[in-house]
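Coordinate analysis (summary)
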Amino acid sequence: MTSQARAAIILAAGQGTRMKSPLPKVLHPVGGRAMLDHAIDAAEALGCERVIVVVGNHSPEVRAHVVRRLGEGAIAVQDPPMGTGHAVLCAKEAMAGFEGQVVVTYGDVPLLKASDIAPVFGSGQGVTVVGFEARDPSGYGRLLVDAEGGLEAIVEHKEASPDQLKVTACNSGVMAAPSGLLFELLAEVKNDNAKGEYYLTDVVALARGRGAPSSVVFADEDAVMGVNAQGELAVAEALFQRVQRETFLANGVTMPAPETVHFSWDTEIGGGATVEPYVVFGKGAKIAGGARIRSFSHIEGATVAAGAEVGPYARLRPGAELAEDVKVGNFVEVKNVKMAKGAKANHLAYLGDGTVGAKANIGAGTIFCNYDGFFKHHTTVGEGAFVGSNSSLVAPVTIGEGAMVGSGSVITSDVGPGDLALGRAGQQSKPGWAARFMDAMRAKKAKSK
């Protein structure tokens, strides 16, 4: 932490028309989290005591999203849009009374982390921007640096001379300055440029003009990439997933085909866990070291303990909690169920809203009938109980410790400990009936030809 207070202004008022989507651009997810939330996360990780998000009146969904997370006081409105400098100036009232360093970031730059931004605070004097060396600088503003390494100016691509266009050091748009200096400089910015907009980048030359130091710190190009279209969103997702895979591998997670595994922004996997190919982790998945997640499984909002095995082709939904040595097999779905140590549901089952005791066995085709059309109800399967295949347990219901449910049963009442429950019609056999029926049908078919 710096001795100076920090604040962040996040620009999120763009129209996002190139996304061609009814979902506002900054709410599109990367790693299952809205790009805007990634930006807010970075600001909070920097220790910013005030975070202001500049939104447009055209996007009430973005405003509502910010209010839910940060409150109404975090909103500044840019209407109409007149450039990045104007957008930051729109946050002046929301920043009233703040004295310290202000960093300007963007709601459509999802891969930028606090560690990439932190160097801009530096000495806390003058204007500092985050730059990058571009593989292809076309379209980016160029950073013009003097012989001493100071930043003289940022020239937009459309305003640059042929010599300036040869510069590969480019502007990410992220900038920090003392609050008072920033808003003083913004008040002097003009819109006499090709777009007729107020450029935030102009504050660099204005700061130099009054003798305030201007400098640049560099980040990786991938970290500062902005997202303006669906293709770029896919690139950002791929970069995010690559970092996640590399991190988990470095931490001791075994993945034979890491390029096929998809992670959420908050996935937790302990070293020593194994993740087979084609697994998808949604939000809130926590996998302990020593667990095994087999191919084609989907896990979201679930906890898997050491020694547990999931899949292949299993689905764990929010509230699923698998204790040590639990087995959830192929085509089993578990939602809001706690399975105690050694419990098993190996095939073709739906377990919703319940508890399964230690070493209980849930047979193939078993269903926890948890929903009556209006409310959810709980099913309890006791320790060591055995539920036969193709059984329906109609909640609320309890299967006692060590009890057994015969295959094909529909259980609507509690089963006592150690009891056997049979909830099916008695079998009837009619000798010779099938043979007589088939003979008659064959004769009828032959007559019809």
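Notes on the structure follow. (Residues numbered from 1 in each chain as written. Predicted model: local features only at pLDDT ≥ 70, side-chain atom pairs only at ≥ 80, totals over all residues. Heavy atoms only, no water.)

Thoughts on the nonpolar core
The cut-off we apply is this: To qualify as a nonpolar core, a set must consist of buried Ala, Val, Leu, Ile, Met, Phe, Trp, Tyr and Cys residues joined through side-chain atoms within 4.5 Å. Between buried and exposed lies partly exposed: a residue is buried under 20% and exposed over 50% of the maximum accessible area for its type, with that area taken using a 1.4 Å probe on protein chains only. Numbered from the N terminus, helices here are DSSP runs of H or I no shorter than four residues, and strands are runs of E no shorter than two. Here a residue-residue contact requires only that any non-hydrogen atoms of the pair lie within 4.5 Å.
Core analysis: the biggest nonpolar cluster contains 72 residues, and I9, L36, V88, V127 and V129 have the highest contact counts within it. No other element matches the 6 residues that strand β10 (residues 169-178) contributes to this core. Discounting residues that sit within four places of it in the chain, I9 has contacts with I52, V54, V88, A91, M95, V102, V103, V104, T105 and F183.

Overview of helix α7 (residues 230-250)
Here is the rule we go by: A helix is expected to span 1.5 Å multiplied by its residue count minus one.
The end-to-end C-alpha distance of α7, which contains 21 residues, comes to 30 Å, matching closely the 30 Å that a straight helix rising 1.5 Å per residue would cover. Taken together, the buried positions of α7 are L233, A236, E237, L239, F240, Q241, Q244, R245 and F248. As for α7, its buried residues are in contact with β2 (29-30), α1 (35-45) and β12 (268-269). Positive phi shows up at G252, right after α7, with a value of about 95°.

As for the state of the cysteines
Our working definition: Pairs of cysteine sulfur atoms within 2.5 Å are what we label disulfides.
For the structure on display, the rule yields 0 disulfides. Free cysteine: C48, not disulfide-bonded; nearest cysteine sulfur from C90 at 20 Å.

A word on the sheet that holds strand β29 (residues 386-387)
Rule in force here: One requirement defines pairing of two strands: DSSP has to find at least two bridges between them.
Taken in spatial order, the 9 strands line up as β13-β16-β19-β22-β24-β26-β29-β32-β34 in an open sheet, and their pairing is parallel. Two strands bound the open sheet, and with one partner strand each, they are β13 (274-275) and β34 (420-421). Looking at chain direction, strand β19 (residues 309-310) and strand β22 (residues 327-330) are connected through 2 bridges and run parallel. Paired with V310 across the strands is V328, a residue of β22.

Brief notes about the pattern of salt bridges
Quick reminder of the rule: Salt-bridge detection follows one rule: a side-chain nitrogen of Lys or Arg within 4 Å of a carboxyl oxygen of Asp or Glu.
Under the criterion given, the structure shown has 23 salt bridges. Taking the shortest distance from any N to any O, the salt bridge between D37 and R69 comes out at 3.0 Å. Taken as a pair, D37 in helix α1 and R69 in helix α2 (residues 60-70) lie far apart in primary sequence, 32 residues in all. Relative accessible area serves as the criterion here: at 27%, R69 is assigned to the partly exposed category. One salt bridge connects R63 with E72, and the closest N-O pair in it is separated by 2.4 Å. The exposure class assigned to R63 is partly exposed, which follows from its relative accessible area of 31%.

Some thoughts on the packing of aromatic side chains
Note the following rule: Aromatic rings from Phe, Tyr and Trp, with only the six-membered ring used for Trp, were paired whenever their centres fell within 6.5 Å, and each pair was classed as stacked if the ring planes differed by under 30 degrees, edge-to-face if by over 60, and tilted otherwise. Both a distance and an angle decide whether a charge sits over a ring: NZ of Lys or CZ of Arg must be within 6 Å of the ring centre and within 35 degrees of the ring normal.
Overall, the coordinates contain 7 aromatic pairs when judged by the stated rule. Aromatic pair Y278 and F296: ring centres 5.2 Å apart, planes at 5°, arrangement stacked. With a gap of 18 residues between them, Y278 in the loop between β13 and β14 (280-281) and F296 in the loop between β16 (292-293) and β17 (298-299) connect regions that are remote in the sequence. Assessed through its relative accessible area of 40%, F296 is described here as partly exposed. Measuring from ring centre to ring centre gives 5.1 Å for W433 and F437, while their planes differ by 10°; the resulting arrangement is stacked. Of the two residues, W433 and F437 are both situated in helix α8 (residues 433-448); the distance of 4 residues between them amounts to about one turn of the helix. For F437, a relative accessible area of 40% gives the class partly exposed. The structure contains a cluster of three or more aromatic residues connected by ring pairs, namely Y278, F296, Y313 and F331. One residue, R33, lies across the ring of W265, its end atom 4.0 Å from the ring centre. The residue whose ring lies beneath K376 is Y371, and the NZ or CZ to ring-centre distance is 5.6 Å.

Comments concerning the side chain of H28
With respect to the helices, strands and loops of the structure, H28 is situated in the loop between β1 (6-11) and β2. Setting aside residues up to four positions removed in sequence, H28 forms contacts with M19, S21, L23, R33, A34, M35, Q230 and L233.

Digging into the pairing of β10
Across the 10 residues of β10, 10 count as buried, placing the element largely inside the fold. Here strand β6 (residues 101-106) runs beside β10; their pairing, made up of 4 bridges, is antiparallel. In the strand pairing of β10, V104 is matched with M175.

Let's talk about the pairing of strand β24 (residues 344-347)
Relative to β24, β22 runs parallel, the two being bridged by 3 bridges. When the bridges of β24 are listed, K327 appears paired with K344. As defined by bridge partners, β24 adjoins strand β26 (residues 361-362) across 2 bridges and the pair is classed as parallel. Counted as the bridge partner of A345 is I362 from β26.

Structural notes on the environment of V332
As for its position among the elements, V332 is in the loop between β22 and β23 (333-339). Overall, V332 belongs to the buried group, its relative accessible area being 1%. Sequence spacing of V332 and C170 is 162 residues, and the spatial spacing of their C-alpha atoms is 51 Å. Among residues more than four places away in sequence, those in contact with V332 are Y313, A314, R315, A345, N346, H347, L348 and A349.

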